[in-house]
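# Survey of secondary and tertiary structure
These are the residues of each chain, in order.
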Protein chains: 2
Amino acid sequence: MKIVIDGMGGDNAPMAPVEGACMAVKEYGIDIVITGEKDQLKAELSKYDCDKTKIEIVHTSQVITNDEKPVVAIRRKTDSSMVVALNMVKNKEADAMVSAGSTGALLSGGVFVIKRIKGISRPCICTAIPTMDGGVSLLSDTGANVDCDAQQLLDFAAMTNIYAKRVMNMEKPRVALANIGTEEGKGNDLVKTAFDLLKDRDDMNFIGNMETREILNGVCDVVVCDGFIGNIIVKTLEGTVLSLFKKIKESIMSSTKSKVGALLMKDSLRGLKDSLDYSSHGGAPFLGVEGGLIKAHGSSDARAIKNAIRQAIQFVDGNVVEEIRAYISSDQEKAENK
Amino acid sequence: MKIVIDGMGGDNAPMAPVEGACMAVKEYGIDIVITGEKDQLKAELSKYDCDKTKIEIVHTSQVITNDEKPVVAIRRKTDSSMVVALNMVKNKEADAMVSAGSTGALLSGGVFVIKRIKGISRPCICTAIPTMDGGVSLLSDTGANVDCDAQQLLDFAAMTNIYAKRVMNMEKPRVALANIGTEEGKGNDLVKTAFDLLKDRDDMNFIGNMETREILNGVCDVVVCDGFIGNIIVKTLEGTVLSLFKKIKESIMSSTKSKVGALLMKDSLRGLKDSLDYSSHGGAPFLGVEGGLIKAHGSSDARAIKNAIRQAIQFVDGNVVEEIRAYISSDQEKAENK
């Protein structure tokens, strides 16, 4: 298996991508291609000890930054570390790709370079939300598509269900719709229509509506919503956790008594904050394109990159793309037989 | 001034409404009508000491519960404590109303009994979110309208802006759109169109888009969104806070050391949890109907009811309904002069 890493993407590039690649070679024994400025990549690579015959450097002269307009950047910067990596996936020179670079550019690249799986009108981004029971809930879409129809929500559900089974090893993922009430008939027009599409599926374990009040309680494995709602959920969650811990810190500092108390509680509290940090729970797969595409968090360190590479491996081993194609053809057959 | 209280609405009725009414008479010197089963209300009233000449009991024989279909309940239960109170506002026998009963029924009652202000196609519910700096951000709509157009979002903004100034005494409320990015041009079609309507208003201090990551940081005074998004935000927030405190408690109980620590921190932590409980931050006004209508939380105690009565008083004193009418006519004039 061969995974291509965008060597210049992310806040800690090229250090983290190169070190992460070395860790992955050691741990998983796979082949890796790193795209980027060759002198920088070589200098980084020389710092680490691993089987260097399994790492290939492909020189690129450009870098796409977070400030650039995604579509423009992908179209113009054809010799960027990101576009060259995307082309390797497209041309089957690599099985999957990992990048910590611009999310927007990567999404555009997925659609315009790698291309959509035939029958999927909108690929989605899936974010793993760490839950209170130590597991994760997979939330799709979290920002790729801000205006959706119900068929697209059904596709997000089906693709994320496949990802949950094939990559996250969940046996019979519980699929729920993000909604403002649990009863059937709740919600806006989009969600009500999506409910009707989901409730009769025999290829998914649809458990109905879920109120976002429950999002951290691990009540389901896959949460389906459009990208606007998904992004609102993720950011409200993140903001609340950050604000709360900041306030707890302030409360602690307000008296000597509570300072002493906090000192005794430090380990418990720190573990909790880390366990809720969704950015540390692996990369976000981009589902619905003709290849594995894992977006690692922009601030990924080497370990996070290594974990994203592991996800890419599981994505390939799990035949996620083939499974999504099978979902599409099965639905098309059913439609034709009607 | 006369405020009517739904004496049978809420988990703690009729105790909390009656006690809250007595507290309000003492503290604000206003006249109060309580609707409900007269024997129960009289028995409750006899427990408290206040100027009883200022409290009138209007007997009603029915109660609307949370399980009933709102529209059906409002239409059929014409002798319920809620509908009789709504009719008193409609007939100007009371200046405003407070109820801790079913939100859905109260919304239906607002529209079908009290009626909308002419020119407002959709009234909204406004929820006060306590922020980390000790203030509040007013979020509208939080559930009355799950499918909205941009003009309706503009109306929510205008009405909440008026409420912020006239009831919350905010001088120049900062109005923002709930969005998934701060730059102009971000978001779905609805939000982008609403942005265009809001940006040229000279009657509002529109500060642009706000990411919901910032919701607790007090970066704005009024947050505008449709009722589906608003409800998702409020419930994600509430769920995160509850889950987090539950987890903190568990972390604490996991070791003797942290138990001792927690004991020392108890007061700081409890104060923090209370300060984030949006249900304790007064009632939610229902904006856009021909009268003051304050929804107190279902679990309101007497103090919460008294606070909701104070809001109702400020609503009347602030001429909120007249101000909303003025906003509508000013916009109609501008449209005609174009």
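Residues numbered from 1 in each chain as written. Chains lettered and ligands numbered in written order. Predicted model: local features only at pLDDT ≥ 70, side-chain atom pairs only at ≥ 80, totals over all residues. Heavy atoms only, no water.

## Looking at the packing of helix H6 (residues 150-166) of chain A against helix H7 (residues 189-199) of chain A
Residues and elements named next belong to chain A. The criterion, for reference: Orientation is described by axes fitted as lines to C-alpha atoms, over the contacting stretch for helices, and by angles from 0 to 180 degrees between their N-to-C directions. Helix and strand definitions follow DSSP, with helices as H or I runs of at least four residues and strands as E runs of at least two, each counted in order from the N terminus. Small angles under 35 degrees read as roughly parallel and large ones over 145 as roughly antiparallel, with 65 to 115 read as roughly perpendicular and the rest as oblique. A clockwise turn of the near helix away from the far one marks a right-handed crossing, whereas an anticlockwise turn of less than a right angle marks a left-handed crossing. Two residues form a contact once any of their heavy atoms are found within 4.5 Å. Residues are grouped as follows: nonpolar covers Ala, Val, Leu, Ile, Met, Phe, Trp, Tyr, Cys and Pro; charged covers Asp, Glu, Lys and Arg; every other residue, Gly included, is treated as polar.
Across the interface, H6 lies against H7 with an axial gap of 8 Å and an inter-helix angle of 55°. When the axis of H6 is compared with that of H7, the two are oblique. The handedness of the crossing between H6 and H7 is right-handed. Here H6 contributes Ala150, Gln151, Leu153, Leu154 and Ala157 to the contact with H7, which in turn contributes Leu190, Thr193, Ala194, Leu197 and Leu198. For the contact of H6 with H7, the class distribution of residues is eight nonpolar, two polar and no charged.

## Structural notes on the relation of the copies chain A and chain B
Selection rule: In superposing the copies, a least-squares fit is computed on C-alpha atoms, taking residues whose pLDDT is at least 70 in both.
Note on the identical chains: chain A maps onto chain B by a rotation of 180° and an axial translation of 0.0 Å, with an RMSD of 0.0 Å. The transformation relating the two chain copies, once decomposed into turn and shift, fits a two-fold axis. Distance from the rotation axis, computed per C-alpha, reaches its smallest value in chain A at Gly261(A): 1.7 Å. Most of the interface of chain A is mirrored in chain B, where 100% of its interface residues again form contacts.

## Quick look at the sheet that holds strand E4 (residues 96-99) of chain A
All names here are of chain A. Definition in use: Two strands pair if DSSP finds at least two bridges between them.
Pairing within the open sheet is mixed, and its 11 strands lie in the order E3-E2-E1-E4-E11-E10-E5-E6-E9-E7-E8. Of all strands in the sheet, those with a lone pairing partner are strand E3 (55-59) and strand E8 (205-211), marking the two edges. Each adjacent strand pair in this sheet contributes to an overall mean axis angle of 25°, direction not counted. Here five bridges tie strand E5 (residues 124-130) to strand E6 (residues 136-140), and the two strands are oriented antiparallel to one another. Following the sheet pairing, threonine 127 is matched in E6 by leucine 139.

## Considerations on the pattern of salt bridges
Residues and elements named next belong to chain B. Put simply, the test is: What counts as a salt bridge is simple: a side-chain nitrogen of Lys or Arg found within 4 Å of a carboxyl oxygen of Asp or Glu. Summary of the burial criterion: residues with accessible area below 20% of their type's maximum are buried, those above 50% are exposed, and those between are partly exposed, where the area comes from a 1.4 Å probe applied to protein chains only.
Per the stated rule, a full pass over the model turns up 34 salt bridges over all chains. A salt bridge links lysine 54 to aspartate 31; the shortest N-O distance between them is 3.6 Å. A residue pair is termed long-range when its members are at least 10 positions apart, and lysine 54 in the loop between helix H2 (38-45) and strand E3 (55-59) and aspartate 31 in strand E2 (residues 31-36) qualify at 23 residues. Taking relative accessible area as the criterion, aspartate 31 reaches 28% and is therefore assigned partly exposed. With a closest N to O distance of 3.4 Å, arginine 213 and glutamate 211 form a salt bridge.

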